[in-house]
Amino acid sequence: MENEKATPPYLEVNGLVKWFGADRAVDNISFGVERGKFLTLLGPSGCGKTTTLMSIAGLHGIDGGDIRVGDVTYTSFSKKLFLPPEKRDIGMVFQSYAIWPHMTVAQNVAYPLEIRKIDRAEIDSRVADVLRLVGLGDMADKLATQLSGGQQQRAALARAIVSRPRLLLFDEPLSNLDLKLREQMRVELKRIQNEVGITSVYVTHDQSEALVMSDEIIVMSKGRIEQKGGPHEIYAHPVNRYVSNFIGVANLLEGHVIRVTSPGHGEFEVNHGNERVILPCCLGEGLKEGAAAVLSVRPENVEARRKDPGTPRLEGEVLEAIFLGNCVDCRVRWGAFEWKVLAHPRDRLRPGERVFLHLDPDHSLAVQP
Amino acid sequence: MSAQDSSFVEVVQLSKRFGAELAVREVNLAVARGEFVTLLGPSGCGKTTTLRCIAGLERPDAGEIRIDGQVVTAPEREIHFNPEDRNIGMVFQSYAVWPHMTVFDNVAYGLRVRRVNDAEMKARTNKALELVGLGHLADRYATKLSGGQRQRVALARAIAYEPKVILFDEPLSNLDAKLREQMRIELVRLQHEVGITSIYVTHDQSEALVMSDRVVVMDKGVIQQVGDPETIYARPANAFVANFIGVANLLEGRLLSRSGDVSEVEIPAGDGFAPLHLKAAGGEGASRGQKIILSLRPEDISLHLQRPEGGSAVNLMDAEVIDTVYLGNFLDCRVKVGAHEVTLQIDHFERLSPGQKVFLTFWPDHGLCLTE
Amino acid sequence: MRTEAAAVTLAGAPRSIGRWRSLFTQESIATIAVSLIVAAAVLLPLATLVVSSFRVLDDLGFSTTWGLDNYRLLFTDHVIPGAFVNTLLISTGSMVLATVLGVSLAWINARTNCPWREKLEPFNLIPFFLSPFVGAIAWHNLAAPKTGLINALARNTLGIEGHLLNVDNIYGVIWVTGIFFTPLVYLFVVGSLRRMDPSLEDSARTTGAGLLRTTLTVTLPLVAPGILSGAIIVFVTSAGEFGVPFKLGAPYGVETLTTQIFTKAVGDDANYYLGASMSMALGAITAFFIFVQQRYIAPRSFTTVTGKGFRPNVVDLGRWKWLALGLNLAFILVAVVLPIFCLVVVSLHPVWEGEIILSDITFRNYVKTLAFWRTDSISAATNGIFNSFILSFAGASIAMVLSLVVSYMIHRTKGFGSRMLDLLCVIPIGFPGIVLAMGVLVTYIKTPIYATLWILLLGYITRFFPYGQRNISSVMLAISEELDQSSRMAGASWITTLRRITIPLLKPGIFAGWLLLFIIFLRELSISIILYTSGTETLSVGVYYLANFENESLTSALSVAQTVVLLACIVIFRRMAGREALTA
């Protein structure tokens, strides 16, 4: 146990700062990634995730902090050290695939090995192996321009992993693909990363990509880290309103924690017109009795029933019921608040209907505002 | 409801050929006044060609198109109205907002062409702009607008002169996902408000389900099914529709027997596995031993860690986990049932490891037998 | 000062430079070097030109003093004010002619069902590559009052007294300049007509506008920036054109600024300082119009391109399509077929007197102008052939290397330096060749490079490298920066990345640019005429020499030779680059 604690993470970013003009694009952030793990930097555009990635890649300088991988220091502001990008031994996959159109797939993939002056026979066998791994075994001699978007992205991945680099960086690699292909590729990408076991940092603004692929997720906003944790932890236990809203959809009610019933559980009070409604819930970290808080409930954890359940009584009117096939996306008016409810199509909720909302206390979480 | 109302826009036996390829094959379609009908299908299915024939931008090879009782296209009788003579509105995928005009001039264009007097033209243009929420941007040039705003301008331009029909050619597909979801709800709201007859073309099934009164599913130039969204989703007419709308597990087998609404089917599970005997809805008109396809939606299959007993053990199948994909609100899970790969969706978080033995069940009325 | 400004360009983040000395060092050296070279090449001649224009030559022509007399002469001289007016008339006239023809032909080719339009398009562009000077010679032989072929035919067959046509006047200058610059307008317009999103017009139709109204309110306004750009370029190029007014205007009393500058640069009463002030006047006009075009019109060109490979809407002309075809054929006849035919005919006669005499046909003219090994050959012509090939080959190659580095710096680095370079690359386009050549002349006349091919090379590259740079830039803009970055990530240094990724990707642009410059240099006249000395004649100077000191038949022979080489280049160009790569 003690020994484990003493081992520093494989990739360590410490106190990273980057200015763009007068903007602090990255504002003193620190994190680490264990060897072989898949970390996702998640956030809206302009949150600093891509800047962080480019700093690791060495495609621009930094204004504070240091970055280290294994025992190699990539950049250190205090020591005025900067390793040029080509010396960092990194594989990178870009949003635009960046497959060189004047080369065949095999030539693209062989390039990093040629730069490293590896002999021809080994290059050929390694290129063939890695192309098979990404499912392009029979495409080696095609020109990059003859490939579809999905295939180009596979080729880009092959090129990034062929030299077995220290680190694999992904800059929104799937966002140019259409929906169906994207869903398919994210599972595939995760499988390949698992297989080659290269430590990876992935940048995306798509929360479902992050949930599907990552071992760990860092949610960023305005150049800072909001939360770091595993996918289920981030989804089920967001630390604040921002994370709760960014990952998935949530109903966010403002109110107070009025009682702590047992560790991690309590009651939440919300004003509803002149009434005060008390809702049992789970308590997020650092919430004490009387604290102002936000209650976060996912739409799939709100049930709309036609029968009166007694207390707590949340009676509302269905405003909209949008049929999505496997579920119905409803809006229910409750005083000034509009609930988002995910209902089953067989409930046949119709606009104008009066319903009673039931919240599952285990899936209602009070978090910091 | 008069006969004319139920077929405000009528397409009869429409065919259109591009070179040797028959893009649209004898399509029949009737759209009622005020209705929102969507033509849905993969690219190249003929939906856009059908729409462009209705607009008059394409000349069909055969058939007839009527709008409000007026024959606008009938190649056999050498009738072809130009697009400008049909009194329609159209919204294009590329927005097609004229960059050299202001927002106001774009929207006023149709009214000016119709020589509406100045005061009325201004009033109606402003009204259309208010409707789409762009009243404050009237003097802006179109090049200074975002994609979503441009699409609103295109919409306002198409409704400002109150055409008989408004045609939509994949208007949302250039927008990003979040904006698209927001815009489709807004579009439906607007359509209800204005009450204008609308024909909408898309390849996005969720767009079709959310927006339409009726959906027309097309493939290879032929209509596959016409119905309201719930029917199309719950009661697809064939395997193509079942797979195109939403996700469906399609298992091939034979009909064993039918009693009441329930069909019993036998599905071979591959070498070394006992065939599955399952009960499901559908299969009307099929005879014993006939080939059927069982369609199962991922969200209709229940997963059990222990073998269920008694009443809930209907349509029980042994399965083995292949992998799972965590999506937050859902857990997508691929399992092996015999030699078949089945996808299912669980609405709670569950730790499943690859290779783990699990059990599946589904209610007979959640499965659907399709005949081909 | 300047080194600092240049250094800022390389890494994107100026703040980092001081600290990260090891960052992109290969890039920084290349950047500084090229910035200095470009700045010196472009700015030095212009600065010297400004200074020279304020030096006044005394009556004996030996010493100079500071003063404004040169500028005063622009208004008081007995020829210059008239030349000024003529320049404006000719530029305006040819602009109108080229715009009307260019827009019509572009519309016919891009948007109508005119027969054979795909086949005719390459012929519409041929005049763009040929020498307008040779065009003027050809039209002189076709329609000079006495010796013109057309007039001779009219006299013999129709029995007309005197002449039918006369191009030896200001209208002739406008006519030849106009038809030879028509492809410039054509190229500016045809692209935007062809690439226009058809739904822009479809939506006007569905909104209720008919075909005519749609064309007037949607199609034309959308291509207006292209038309305006093309018109301005024609105006400016005509103002700087030397060959046509020299052949058809000056001998008949129609002087222009360019012919006047020429007389001040060479000849017995040469006065570089007065030439400099006239160059300043001409340059001020052209630079102003180019500034307006670059600043206000080019940015307004509406990006109507869609991702989808839509075909543009085609208008069914019905029976009118034969009229459209007739117009197109007529243009090709007057701009390509008749001039070349006439040159060939004239070149085969020992002496041209306006009539075809089959029994006189001889190849002696070709022998005298091309057979350099014979003692009776004319050295101005044979030297010109050698020199032009050397200059074109070397000039195009050096200019493309320069263009490559400059484009890379403009598009792959950010900040002050790259914007400065971008501006430097526009400046030469704003000044006619003859003006820039005057600058080069006054700058380097006292240095050893004067009277060598080097000064011509310098003039050529300075004036025309922006054309090559634009060719590369357009390709570079289409190539994502991530293609370079992923090579760096794969472990390759900047130089390796340039060699193995960037340059191979730019190859189509590099080749198209090279060939375009090769063609331009091969027919170049207005720079050469100022900078050549005996022994450094070029091909066009050879033609000038023959036209001035020998007879029409010899002139035509060399003109035909030049035209044949240029036509061969066009064929190669179309094979390699396709028609879209032309818009320089």
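Residues numbered from 1 in each chain as written. Chains lettered and ligands numbered in written order. Predicted model: local features only at pLDDT ≥ 70, side-chain atom pairs only at ≥ 80, totals over all residues. Heavy atoms only, no water.

> How do you make sense of the sheet that holds strand β11 (residues 224-229) of chain A when you look at a structure like this?
Residue and element names in this part refer to chain A. One open sheet accounts for six strands, arranged β7-β8-β9-β3-β10-β11; its pairing is mixed. What marks the edges here is a single partner per strand, and that holds for β7 (90-93) and β11. In this sheet, adjacent strand axes meet at a mean angle of 20° when their direction is disregarded. Judged from the five bridges that link them, strand β3 (residues 38-42) and strand β9 (residues 200-204) form a sheet pairing that is parallel. Paired with T40 across the bridge in β9 is Y202. Contacting β7 and β8 (167-171), helix α5 (residues 149-161) runs over the sheet at an angle of about 170° to β7. (Pairing = 2+ DSSP bridges. Helix = DSSP H or I, 4+ residues; strand = E, 2+ residues; numbered from the N terminus. Axes fitted to C-alpha atoms, helices over the stretch in contact; angles between N-to-C directions. Contact = heavy atoms within 4.5 Å.)

> Sorry if this is basic, but what is going on with the domain arrangement of chain A here?
When the parts come together, some accessible area is lost, and that loss is often what is quoted as the size of the interface. Residues and elements named next belong to chain A. Along its sequence, chain A is carved into domain 1 (2-241) and domain 2 (249-367). Spacing between the C-alpha centres of domain 1 and domain 2 amounts to 39 Å. Counting residues at the interface gives eight residues for domain 1 and seven residues for domain 2. Across the domain 1 to domain 2 interface the summed buried area is about 660 Å²; carbon plus sulfur atoms make up 51%. It is Y235, P238 and R241 in domain 1 that bury the most area against domain 2; as a group they hold 79% of the surface buried on that side. Taken together, the connections running from domain 1 to domain 2 amount to one salt bridge. Close ionic contact of R241 with E254 constitutes a salt bridge, the shortest N to O distance being 3.0 Å. The tally of links between domain 1 and domain 2 comes to three residue pairs in polar contact (both at pLDDT 80 or more). (Domains from an automatic or database assignment. Buried area = accessible area lost by both parts, 1.4 Å probe. Salt bridge = Lys/Arg side-chain N within 4 Å of Asp/Glu carboxyl O. Polar contact = N/O pair within 3.5 Å; in protein donor to acceptor, adjacent residues only side chain to side chain.)

> Looking at this structure, I do not really get the interface of chain B and chain C. What am I missing?
Each partner contributes to the interface: chain B provides 24 residues, whereas chain C provides 23 residues. When the buried surface of chain B facing chain C is broken down by residue, E84(B), H100(B) and Y109(B) rank first, second and third, together holding 30% of it. In this structure, the connection of chain B to chain C is made through two salt bridges. In this structure, the salt-bridge partner of R205(C) is E84(B), at a minimum N-O distance of 2.7 Å. Between the two partners, chain B and chain C, sit 10 residue pairs in polar contact (both at pLDDT 80 or more). Elements that contribute at least two residues to the side of chain B that touches chain C include exactly α2 (47-55), β7 (88-91) and α3 (103-113) of chain B. Classifying every residue of the side of chain B that touches chain C gives 14 nonpolar, five polar and five charged. (Nonpolar A, V, L, I, M, F, W, Y, C, P; charged D, E, K, R; others polar.)

> What is the right way to read the interface of chain A and chain C from this model?
The partner chain C presents 27 residues to the 33 residues of chain A that form the contact. For the pair chain A and chain C, the interface holds two salt bridges. E86(A) serves as the salt-bridge partner of R488(C), at 3.0 Å between the closest nitrogen and oxygen. Across the contact surface, chain A and chain C share nine residue pairs in polar contact (both at pLDDT 80 or more). Element by element, the count of residues in the side of chain A that touches chain C is highest for helix α3 (residues 105-115) of chain A, at four residues.

> How do you make sense of the pairing of strand β5 (residues 70-74) of chain B when you look at a structure like this?
In regular strands, side chains alternate between the two faces of the sheet. Residue and element names in this part refer to chain B. Extensive coverage of β5 is indicated by the burial of four of its five residues. Direction of pairing for strand β4 (residues 62-67) relative to β5: antiparallel, over a ladder of three bridges. For R66, the partnering residue across the bridge sits in β5 and is V71. Between β4 and β5, which pair antiparallel and follow one another directly, the connecting turn spans two residues, one of which, D68, has a positive phi of 50°. Across two bridges, β5 lies against strand β6 (residues 79-80) in antiparallel orientation. Bridged to T73 within β6 is H80. Counting the residues that bridge the hairpin from β5 to β6 gives four residues, and of these E78 lies at a positive phi of roughly 55°. (Buried < 20%, exposed > 50% of the residue type's maximum accessible area, 1.4 Å probe, protein only.)

> Hey, could you run me through the packing of α3(B) against helix α11 (residues 211-240) of chain C in this one?
A packed helix pair is summarised by two numbers, namely the angle formed by the two axes and the spacing between the axes. Where α3(B) contacts α11(C), the axes come no closer than 13 Å and their chain directions differ by 155°. With respect to α11(C), the element α3(B) is oriented roughly antiparallel. Crossing of α3(B) against α11(C): the hand is right-handed. Of the residues in α11(C), those touching α3(B) at Y109(B), R112(B) and V113(B) are R213(C), T214(C), T217(C) and V218(C). Tallied by class, the residues present in the contact of α3(B) with α11(C) amount to three nonpolar, two polar and two charged. (Parallel < 35°, antiparallel > 145°, perpendicular 65-115°, else oblique. Left-handed = near helix turned anticlockwise from the far one by under 90°.)

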